Amino acid sequence: MRVVRDRPEARWLPSRFRFAAFKLAAWMLYRAAPRRRQPGLVVAIDRDQTAVESYSMAIVIVTAGTLFAFDPLQRYLAWPLAATIAFISVVIFLHVIITFPPIGAWQNSHIELKSFVTIFFLAAAAIHFATADGWIRYVAWLILAAMSLNAAAAIVVRLAKSRMPAGDGEEINP
Amino acid sequence: MTRWAKRFLIRGVFWRELLRYSVLNCPPFLEPVAIAASSFVILLWGPGRRGVMRNLAAIKPRSWAVTNFLRTYRVFWNFAWTITDTVRFKEFRTSPDWEFVGLEHWNALQAHPGGAIIITAHMGSYDLGAHVFAAVSDRRIVMVRAPESDPDTQEFESRRHEVSAADSLRIDFNIKSTDLAIELLHALEAGHLVAIQGDRVTPGIGSVPVDFFGKTTAIPAGPFALAMASRVPIYPLFIIRKGRRSYALQACPPILVERRSRNRDEDLRPAVQAWARQLEEIVRNHWQQWFTFEAFYDEAAA
């Protein structure tokens, strides 16, 4: 486990983010952050460390999923009931993805597989609703635009990898 | 109730295994969803919910029950995140961000020649704090834990501790208080640090009554008696969750226990009260992280 001590700007190191769009934004913030010393601060370098990325992605996935589920339901149900059912259904579906027995030894980690499955379903839903009538297609286009933006950011990150701060720090062995 | 059915009680091993499985399978960007849902499920645990609400009624007097109900959800939300961070650390060695507050007391603890006692509360992640302490300090630490009430859960936790504990960290369960006291005394005499939680009395453990948020409650006397016997200082240390994978380790001025008379209980009382005041201040400011799920006072006596 790598950590950086006493440097608050290290919170914006790109290596603390998973998605390329967030990495790029973090790189800009890291370059602009003032360099100061904060004794007693220990910043861990892990690609899933930051709250802003985790919460942002969770909100986007749950909101988009709820809207995708809401659109067909609201044609048959009053909107408050349709919204409630849509939200609960999405939360249950996400939990099914998390808990569904993985292929292979159940004692191992399958986070990457579950991540892929989640994004796959989100993309599939967005593609399906992109050609739908009504407001839902704008939601779908937003999701697809965000995915495209991330893909473009991934190319930039790959090209600029040598210029990005690599999370220099010290190794600890907890 | 059969042993198999007991697995599904609130302290049963099923929920520990489910937590471990979830940590191994939940994508990081879905953690907030899983934690929110889990916190809601914990809220359905009646005794725990009622215990927290009673405590909040004392910590925040004159607050409405519905407000305390929402605060209880927030307590369970923090609890869910904390135990998840602990399990993730044990499985993946993923460390959170740390901030050392009260650095001068932390440095004094590190530099103190000889043994010392670290006293803390059921706040943040006791396990995580001990592991990180062991990683960033060259002091050997002995962590005292209360045993799990369910034997299967105890066996599960013991196995996980064996797998994950660092060489400089030893974990002892306070099953037999006299045997443990002797072992801890030896550890202190050898210059090690002993970490004990001092905000909950387990059956069979001696205690001292103190005033806490205007109620009478019991504080375990063990850490203070141990400090008196071994003549070491007690350092209050709190692990406070600041956000997702972010904790503050707050060190406070040391408490000294001095033998002045033949009356041991009277000699312990000033130190116990100093600890109670420190604990009260921390809990008042961080009530959303005090993971005490039983009422800390007797309502009939209060």
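Above this text sits the structure in question.
Reading the values: the criteria
Residues numbered from 1 in each chain as written. Chains lettered and ligands numbered in written order. Predicted model: local features only at pLDDT ≥ 70, side-chain atom pairs only at ≥ 80, totals over all residues. Heavy atoms only, no water. Helix = DSSP H or I, 4+ residues; strand = E, 2+ residues; numbered from the N terminus. Rg over C-alpha atoms; globule rule 2.2 N^0.38 Å. Buried < 20%, exposed > 50% of the residue type's maximum accessible area, 1.4 Å probe, protein only. Contact = heavy atoms within 4.5 Å. Areas by Shrake-Rupley, 256 points an atom, 1.4 Å probe, with all protein chains shown as cover. Lys, Arg positive; Asp, Glu negative; His and termini not counted. Charge placed at Lys NZ, Arg CZ, Asp CG, Glu CD. Buried area = accessible area lost by both parts, 1.4 Å probe. Polar contact = N/O pair within 3.5 Å; in protein donor to acceptor, adjacent residues only side chain to side chain. Nonpolar A, V, L, I, M, F, W, Y, C, P; charged D, E, K, R; others polar. Axes fitted to C-alpha atoms, helices over the stretch in contact; angles between N-to-C directions. Parallel < 35°, antiparallel > 145°, perpendicular 65-115°, else oblique. Left-handed = near helix turned anticlockwise from the far one by under 90°. Pairing = 2+ DSSP bridges.

(A) Main features of the overall build of chain A. Looking only at helices and strands, one finds five helices and three strands in chain A. Counted from the first residue to the last, chain A has its helices and strands arranged as β-α-β-α-α-α-α-β. Computed over C-alpha atoms, the radius of gyration of chain A comes to 20 Å, more than 25% over the 16 Å expected from 2.2 N^0.38 for 174 residues, which places it beyond the range of a compact globule. In chain A, buried positions account for 43% of the 174 residues. Nonlocal contacts in chain A, meaning residues at least 24 apart in sequence, comprise 72% of its contacts between residues at least 6 apart. Accessible area of chain A: about 9,800 Å², with a carbon and sulfur share of 69%. Within chain A, the 11 negative side-chain charges are centred at a point lying 4 Å from the centre of the 18 positive side-chain charges.

(B) Focus on the interface of chain B and chain A. Across the boundary between the two partners, chain B contributes 32 residues, which contact 44 residues of chain A. Roughly 3,300 Å² of surface becomes buried between chain B and chain A when both sides are summed, with 62% attributable to carbon and sulfur atoms. When the area that chain B buries against chain A is broken down by residue, the three leading residues are Tyr21, Phe29 and Arg244 of chain B, summing to 22%. Taken together, the links from chain B to chain A amount to 20 residue pairs in polar contact (both at pLDDT 80 or more). Elements represented by at least two residues in the side of chain B that touches chain A include exactly α2 (13–25), α3 (31–43), α5 (65–92), β1 (97–101) and α7 (126–136) of chain B. Partitioned by chemical class, the residues of the side of chain B that touches chain A number 22 nonpolar, three polar and seven charged.

(C) Molecular detail of the packing of helix α10 (residues 222–230) of chain B against helix α11 (residues 264–285) of chain B. Residues and elements named next belong to chain B. Orientation of α10 relative to α11, taken along the N-to-C sense of each, is 120°, at an axis distance of 10 Å. With respect to each other, α10 and α11 are oriented oblique. For the pair α10 and α11, the sense of crossing is right-handed. Residues Phe224, Ala225 and Met228 of α10 touch α11, and the partners they reach there are Arg264, Asp267, Leu268, Ala271, Val272 and Trp275. When its residues are assigned to classes, the contact of α10 with α11 shows seven nonpolar, no polar and two charged.

(D) Broad picture of the pairing of strand β7 (residues 215–220) of chain B. Residues and elements named next belong to chain B. Of the strand pairs in this sheet, strand β6 (residues 207–212) and β7 are connected by six bridges, and their pairing is antiparallel. Across the sheet, Asp211 pairs through a bridge with Thr216, a residue of β7. With antiparallel pairing between neighbouring strands as the criterion, β6 and β7 make up a hairpin whose turn holds two residues, including Phe213 at a positive phi of roughly 55°.

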